[in-house]
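Now for the letters of each chain:
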Amino acid sequence: MRDAGLEETLIEIYRRLLEHFGPRNWWPADTAFEMITGAILTQNVSWKGAAQAISNLKERGWLEPDCILAVREEELAEALRPARYQFEKMRRLREFCQVLAGEYAGDLRAFLSQEVGSLRERLLAIRGIGPETADCIILYAAGKPVFVIDAYTHRIFHRLGYFDERAKYGEMQAFFMRHLPHDAGLFNEYHAQLDALGQNLCLKRAPRCEACPILSLCQGAAAKTKEV
Ligand code: SF4
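Keep in mind it's a predicted model, so treat the numbers as computed, not measured. (Residues numbered from 1 in each chain as written. Predicted model: local features only at pLDDT ≥ 70, side-chain atom pairs only at ≥ 80, totals over all residues. Heavy atoms only, no water.)

A. Region of interest: the packing of helix α3 (residues 47-60) against helix α5 (residues 73-80). Interaxial distance between α3 and α5 falls to 7 Å at its minimum, and their mutual angle equals 130 degrees. Here α3 lies oblique to α5, going by the angle between them. Contacts between α3 and α5 involve Ala53, Asn56, Leu57 and Arg60 from the first element and Leu76, Ala79 and Leu80 from the second. A breakdown of the residues in the contact of α3 with α5 according to their chemical character gives five nonpolar, one polar and one charged. (Axes fitted to C-alpha atoms, helices over the stretch in contact; angles between N-to-C directions. Helix = DSSP H or I, 4+ residues; strand = E, 2+ residues; numbered from the N terminus. Parallel < 35°, antiparallel > 145°, perpendicular 65-115°, else oblique. Contact = heavy atoms within 4.5 Å. Nonpolar A, V, L, I, M, F, W, Y, C, P; charged D, E, K, R; others polar.)

Spelled out as structure tokens, the structure:
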């Protein structure tokens, strides 16, 4: 059951972050396929490397499912090299494109228009696509309201006092889904704001609590924090 007090606190956290960092305008992509490619390429690496790999694909005119399947493996892997683990990521990207071509006649819109449960299930069945990547695709490419959890979300909400260090993905996602209105726009910006906080202030080793807009709401600020 939704807790009105908790909802108010979560919205207050969001409001303060938005005021501090400004709108993040996520996801930085021109098309849904570019967004999906970015979500796969940014797994386990910084966005910078993924962005460079996407730029390589754009320069070569390969940022289309058909091209990803048609280009020779060595050439495609070379273009993806800045995203690291390029052969593994190439296989994931190609498998996604094969599903699209084989089961949806290449119609990305039809694929994304499925109901959330079946869309998530189909994405998770693709080798190498885990809950975070699947949920990013559902939220940012399909525009459906699922709350995305990442390492920053875990760290921040552990420090705020809501999550255990060993909290699982599903448990953390259920917390936000239970206590926030299911609004894709809100979830989009909330996730982006948490990433801004995790990248800039709520750092793993030395959080910059003195500059944090949610300091007064944080139970585990500064030296008392445990690493997550
Ligand atoms: S006050 Fe410090 S520990 Fe708490 S969320 Fe902000 S930066 Fe992180």
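Now that the structure has been shown, we can carry on.
B. Molecular detail of helix α10 (residues 151-160). Of all 10 residues in α10, eight are buried; the element is thus mostly enclosed. Taken as a whole, α10 has its buried residues at Thr153, His154, Arg155, Ile156, Phe157, His158, Arg159 and Leu160. Along its buried surface, α10 packs onto α1 (4-21), α11 (169-179) and α12 (184-200). Its side-chain oxygen placed 3.2 Å from the backbone nitrogen of Tyr152, Asp150 serves as the N-cap of α10. Among the residues trailing α10, Gly161 stands out with phi positive, at a value near 105 degrees. (Buried < 20%, exposed > 50% of the residue type's maximum accessible area, 1.4 Å probe, protein only. Polar contact = N/O pair within 3.5 Å; in protein donor to acceptor, adjacent residues only side chain to side chain.)

C. Expanded view of the packing of aromatic side chains. Counting across every chain of the model gives 19 aromatic pairs. Ring geometry for Phe157 and Tyr162: centres 5.8 Å apart, planes at 45 degrees, overall tilted. Exposure remark for Tyr162: the relative accessible area of 31% places this residue in the partly exposed category. Taking the centre distance of 6.2 Å and the plane angle of 65 degrees together, the rings of Phe176 and Tyr190 count as edge-to-face. Residue Phe176 is found in helix α11, and its partner Tyr190 is found in helix α12; the two are separated by 14 residues along the sequence. Directly above the aromatic system of Trp62 lies the positively charged group of Arg60, at a separation of 5.6 Å from the ring centroid. (Phe/Tyr/Trp six-rings, centres within 6.5 Å; stacked < 30°, edge-to-face > 60°. Lys NZ or Arg CZ within 6 Å of the ring centre and 35° of its normal.)

D. Fine view of the pattern of salt bridges. Tallied over the full model, the rule gives 14 salt bridges. Salt-bridge contacts for Arg127 lead to Glu95; the nearest nitrogen and oxygen are separated by 3.1 Å. Taken together, the residues span a long stretch of sequence, with Arg127 in the loop between α8 (116-124) and α9 (131-141) and Glu95 in helix α6 (residues 86-104) at a distance of 32 residues. In this structure Glu95 comes out as buried when scored by relative accessible area, which is 18%. Residues joined in a network through salt bridges with shared partners are Glu12, Arg15, Arg16 and Glu19. (Salt bridge = Lys/Arg side-chain N within 4 Å of Asp/Glu carboxyl O.)

E. Examining the site of the ligand more closely. Around the ligand, 10 residues are found, and the nearest of them are Arg159, Cys202, Cys209, Cys212 and Cys218. Looking at the shell around the ligand, its residues break down into eight nonpolar, one polar and one charged. (Near = heavy atom within 4 Å.)

F. Geometry of the nonpolar core. One finds Phe96, Phe157 and Tyr190 to be the most contacted residues of the largest nonpolar core, which totals 72 residues. There are two domains that each give this core at least three residues, and those are domain 1 (4-25 + 148-224) and domain 2 (32-141). For Phe157, the residues in contact, after removing those within four places along its chain, are Leu10, Ile13, Tyr162, Phe163, Phe175, Phe176, Tyr190 and Leu194. (Core = buried A, V, L, I, M, F, W, Y, C linked by side-chain atoms within 4.5 Å. Domains from an automatic or database assignment.)

G. Just the domain arrangement of the protein chain, in detail. Here the protein chain is described as being made up of domain 1 (4-25 + 148-224) and domain 2 (32-141). Here the C-alpha centre of domain 2 lies 27 Å away from the C-alpha centre of domain 1. Listed by partner, the interface residues are 10 residues for domain 1 and seven residues for domain 2. Here domain 1 packs against domain 2, burying approximately 670 Å² in sum over the two surfaces, 64% of which is carbon and sulfur. Its largest share of buried area at the contact with domain 2, domain 1 owes to Val148, Tyr169 and Asn188, together 59% of the area lost on that side. Seen at the junction of domain 1 and domain 2, the total is zero salt bridges. Our count for the domain 1 to domain 2 interface comes out at four residue pairs in polar contact (both at pLDDT 80 or more). Counting only elements with at least two residues in the side of domain 1 that touches domain 2, the list comes to α11 and α12. (Buried area = accessible area lost by both parts, 1.4 Å probe.)

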